[in-house]
Amino acid sequence: MNALEKLEKIKIDVETALAEAKGAQEVDSVRVKYLGRKGELTSILRSLSDLSKEEKAEVGKRANILKGELVAKFTQAQNAMESEQSNSVGKEIDVTLPGIAPRVGTVHPLTRVMVRINEILISLGFKIAEGPEIESEFYNFEALNIPLDHPSRDAFDTFYIDKEYLLRSHTSNVQIHVMQNQAPPLQVIMPGRVYRPDAVDASHSFMFHQVEGLMVDKGIKFSDLKGVLSMFCKTMFGKDIETRLRPHFFPFTEPSCEVDISCIMCMGKGCRVCSGNGWLEILGAGMVNPKVFESVGYDPNEYTGFAFGMGVERIAMLLYGIEDIRLFYENDVRFLKQFK
Ligand code: PHE
């Protein structure tokens with residue numbers, strides 16, 4: 001092995017030895033082995049005078065470069081060992097110290113309210129069904145008796161994915177899926193997200209949540225709708241809460257109504273929340289339009305039914321006294337942790 005080959009070998013050997021070294025002492029003995037007074041690299045540097053003039057120049061240059069590299073490596077290894085040691089000093093576990101309480105998350109207020117709505121309706125015999133948020137025009141509009149050119153479609157118009165598919169503007173699309181897949185009688189609730197191109201402000205969001213309800217059987221009457229909804233409102237908001245139905249229009253129900261509850265803040269006396277009139281609108285409802293039954297192949301002469309749809313955000317805001325809908329979506333822990 002000539003001198004240059006020896007230098008090459010020293011470099012590799014030092015790297016291996018350092019990689020295996022455990023503790024500062026072992027690092028130091030590697031250093032002594034190569035750079036000490038009788039070290040391997042030291043003796044090559046010492047015997048340079050035995051070499052020819054050309055060899056001396058080449059080997060001398062390489063040996064000095066290597067020495068510089070090795071010194072740097074040893075310093076680095078030494079420092080690493082020392083900081084490892086000092087890190088563990090005083091780090092023994094003190095079992096008498098108080099523990100660090102892990103931060104436990106809380107259920108989101110919208111989820112809580114949605115779960116509560118579902119629970120009440122499930123106790124009245126409803127079963128949960130779900131449907132797609134990306135929906136075709138047929139399910140979101142046509143099958144619900146909202147023709148392409150009907151003006152009522154404006155209010156429900158939404159975000160289109162392409163020419164035919166869109167983000168559903170209400171959960172009523174699920175009514176159609178459920179009726180296509182099941183024969184009556186049925187009694188379902190359909191919770192989920194909906195989308196509308198509304199400008200965001202304290203009471204509007206482009207995305208919010210609804211719980212839809214549908215009950216179909218022979219002989220379902222408007223009074224059944226009224227009974228279910230007033231029972232629901234009393235359980236949700238308190239037994240002294242009154243409900244009132246106001247005539248309204250929805251293409252998929254006929255007749256249709258909006259349902260108000262007596263204001264839960266002022267108990268109907270009139271306050272800022274109910275704009276002084278004592279009532280709060282909380283949902284839309286009605287008897288299923290026979291045209292909707294026809295679109296899913298149910299016989300409207302045999303079956304009748306009712307449907308309703310409520311906004312979860314609106315109910316949560318009323319229950320908790322939240323004045324800005326945006327708080328639900330901002331993930332501000334200071335807001336969320338209040339709902340334990
Ligand atoms: N889909 C209606 C809305 O989003 C609510 C509704 C559902 C009304 C079912 C009547 C019956 O406003």
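Check the entry above for the structure.
This report concerns the structure included in the present document. (Residues numbered from 1 in each chain as written. Predicted model: local features only at pLDDT ≥ 70, side-chain atom pairs only at ≥ 80, totals over all residues. Heavy atoms only, no water.)

**Structural notes on the site of the ligand**
Near the ligand there are 15 residues, and of these His170, Ser172, Arg196, Gln210 and Glu212 occur at the shortest range. Interatomic distance of 3.0 Å between a side-chain N/O atom of Ser172 and a nitrogen atom of the ligand. In this structure, Arg196 approaches the ligand through a side-chain N or O atom, which is 2.8 Å from an oxygen atom. Here the ligand, which alone exposes 320 Å², has 93% of that area covered by the protein. Counting residues per element, the ones that place at least two in the shell around the ligand are α8 (172–181), β5 (207–217), β8 (279–288) and β9 (304–311). For the shell around the ligand, the leading source of residues is β9, giving three residues. Classifying every residue of the shell around the ligand by side-chain character gives six nonpolar, seven polar and two charged. (Near = heavy atom within 4 Å. Polar contact = N/O pair within 3.5 Å; in protein donor to acceptor, adjacent residues only side chain to side chain. Areas by Shrake-Rupley, 256 points an atom, 1.4 Å probe, with all protein chains shown as cover. Helix = DSSP H or I, 4+ residues; strand = E, 2+ residues; numbered from the N terminus. Nonpolar A, V, L, I, M, F, W, Y, C, P; charged D, E, K, R; others polar.)

**Focus: the pairing of β9**
In terms of residue burial, β9 counts as a mostly covered element, since six of its eight residues are buried. Sheet topology note: the β5/β9 ladder contains eight bridges and is antiparallel. Of the residues in β9, the one forming a bridge with Glu212 is Gly309. Where β8 meets β9, five bridges bridge the pair, whose relative direction is antiparallel. When the sheet's bridge partners are listed, Ala285 is paired in β9 with Phe308. (Buried < 20%, exposed > 50% of the residue type's maximum accessible area, 1.4 Å probe, protein only. Pairing = 2+ DSSP bridges.)

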